[in-house]
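Report on the structure
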Amino acid sequence: MKDFSHLNKKLEPTIVNVSGKAVTHRKAIAKATVELPDHILQKLKEGDFKTPKGSVFQTAIIAGIMAAKKTGELIPLCHPIGLENCEIDIELTDNNEIEIYCTAEVEAKTGIEMEALTGASVAALTIYDMCKAMSHDITIKEIKLIEKSGGKNDFRRG
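Predicted model, so just to flag it, every value in this text is computed and none were measured. (Residues numbered from 1 in each chain as written. Predicted model: local features only at pLDDT ≥ 70, side-chain atom pairs only at ≥ 80, totals over all residues. Heavy atoms only, no water.)

1. So, the UniProt feature "domain: Molybdopterin cofactor biosynthesis C (MoaC)" (unreviewed entry) in the chain
Within this numbering scheme, the UniProt entry marks residues 16-151 as carrying the feature "domain: Molybdopterin cofactor biosynthesis C (MoaC)" (unreviewed entry). In residues 16-151, the share of helix is 34% and the share of strand is 35%. The end C-alpha atoms are 14 Å apart. (UniProt positions renumbered as here; feature names shortened; annotations may be inferred. Helix = DSSP H or I, 4+ residues; strand = E, 2+ residues; numbered from the N terminus.)

Shown next as structure tokens:
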């Protein structure tokens with residue numbers, strides 16, 4: 001049976017020892033979904049998704065990439081790793097929701113799902129921040145890992 005990995009023998013928090021692990025190519029994709037009221041979506045579409053604070057999607061992309069790069073500083077027991085690739089893709093769905101996908105890659109002994117999850121999360125929070133002046137009725141519905149590969153256990157959401 002698997003157990004929590006961030007606890008030492010005394011059951012105290014610890015960073016996972018990866019010194020004996022091999023460097024592998026690791027890739028993860030995470031998704032965040034943001035639900036906006038219709039009047040905000042209409043206003044965004046009319047303005048080509050630009051606001052007085054700037055382009056909503058472009059700002060969210062930059063924020064997401066910046067956050068993914070700082071994951072090791074934000075999540076206490078996350079290893080600091082150097083990203084080799086980070087891409088944020090933002091799509092407006094037919095359900096009037098915004099889907100944010102963060103893909104992160106690295107050659108390392110550990111990572112990269114937390115970086116992808118952090119990037120998607122902060123991109124979603126940035127969209128909230130840029131739209132909240134029109135309404136606080138904005139929901140970040142879910143943030144989830146879609147897939148990861150290159151570590152001890154690969155994962156793909158069905």
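2. Some points on the packing of helix 2 (residues 56-69) against helix 4 (residues 113-131)
Viewed as axis vectors pointing N to C, helix 2 and helix 4 meet at an angle of 145°, and their least axial separation amounts to 7 Å. Between helix 2 and helix 4 lies a crossing whose hand is right-handed. Note on element contacts: helix 4 touches helix 2 through Glu 115, Thr 118, Gly 119, Val 122, Ala 123, Thr 126, Ile 127 and Met 130, opposite Val 56, Phe 57, Thr 59, Ala 60, Ala 63, Gly 64, Ala 67 and Ala 68. Considered class by class, the residues forming the contact of helix 2 with helix 4 number 10 nonpolar, 5 polar and 1 charged. (Axes fitted to C-alpha atoms, helices over the stretch in contact; angles between N-to-C directions. Left-handed = near helix turned anticlockwise from the far one by under 90°. Contact = heavy atoms within 4.5 Å. Nonpolar A, V, L, I, M, F, W, Y, C, P; charged D, E, K, R; others polar.)

3. Some thoughts on the environment of Glu 91
Within the secondary structure, Glu 91 sits in strand 4 (residues 85-92). Judged by relative accessible area, which is 35%, Glu 91 ranks as partly exposed. Sequence separation between Glu 91 and Leu 36 is 55 residues; the distance between their C-alpha atoms is 13 Å. Once you skip the residues sitting within four places of it in the chain, Glu 91 turns out to touch Glu 97, Ile 98, Glu 99 and Tyr 101. (Buried < 20%, exposed > 50% of the residue type's maximum accessible area, 1.4 Å probe, protein only.)

4. What about the nonpolar core?
Residues Val 34, Leu 36, Ile 90, Ile 98, Ile 100 and Ile 127 are the most contacted members of the largest nonpolar core, which totals 35 residues. Among the secondary structure elements, those contributing two or more residues to this core are strand 1 (24-35), helix 1 (38-46), helix 2, strand 4, strand 5 (97-108) and helix 4. Considering every element that reaches this core, the biggest residue donor is helix 4, with 8 residues. Non-local contacts of Leu 36, meaning those with residues more than four positions away in its chain, are made with Leu 41, Leu 44, Asn 96, Ile 98, Cys 131 and Ile 138. (Core = buried A, V, L, I, M, F, W, Y, C linked by side-chain atoms within 4.5 Å.)

5. Some remarks on the sheet that holds strand 7 (residues 155-156)
Here 5 strands make up an open sheet; going across it, the order is 4-5-1-6-7 and the pairing antiparallel. With partners counted over all chains shown, the strands left at the sheet margins are strand 4 and strand 7, one partner each. Across 8 bridges, the pairing between strand 4 and strand 5 is antiparallel. For Leu 92, the partnering residue across the bridge sits in strand 5 and is Ile 98. (Pairing = 2+ DSSP bridges.)

6. So, the environment of Arg 156
Inspection of the secondary structure puts Arg 156 in strand 7. Residue class for Arg 156 comes out exposed when judged on its relative accessible area of 64%. In this structure, Arg 156 is in contact with Ile 146 and Glu 147, ignoring residues within four places of it in sequence. Side-chain polar atoms of Arg 156 contact the side chain of Glu 147, separated by 3.0 Å. (Polar contact = N/O pair within 3.5 Å; in protein donor to acceptor, adjacent residues only side chain to side chain.)

7. Describing the pattern of salt bridges
Enumeration according to the criterion identifies 6 salt bridges in this entry. Measuring nitrogen to oxygen at the nearest pair gives 3.4 Å for the salt bridge that ties Lys 144 to Glu 142. The partly exposed category is assigned to Glu 142, whose relative accessible area is 34%. Between Arg 156 and Glu 147 there is a salt bridge, with its nearest N and O atoms 3.0 Å apart. The exposure class assigned to Glu 147 is buried, which follows from its relative accessible area of 17%. (Salt bridge = Lys/Arg side-chain N within 4 Å of Asp/Glu carboxyl O.)

8. Topic: the state of the cysteines
Within this structure, the stated rule accounts for 0 disulfides. For the unlinked cysteine Cys 131, the closest cysteine sulfur is that of Cys 102, found at 19 Å. Its relative accessible area of 0% is what places Cys 131 among the buried residues. (Disulfide = S-S within 2.5 Å.)

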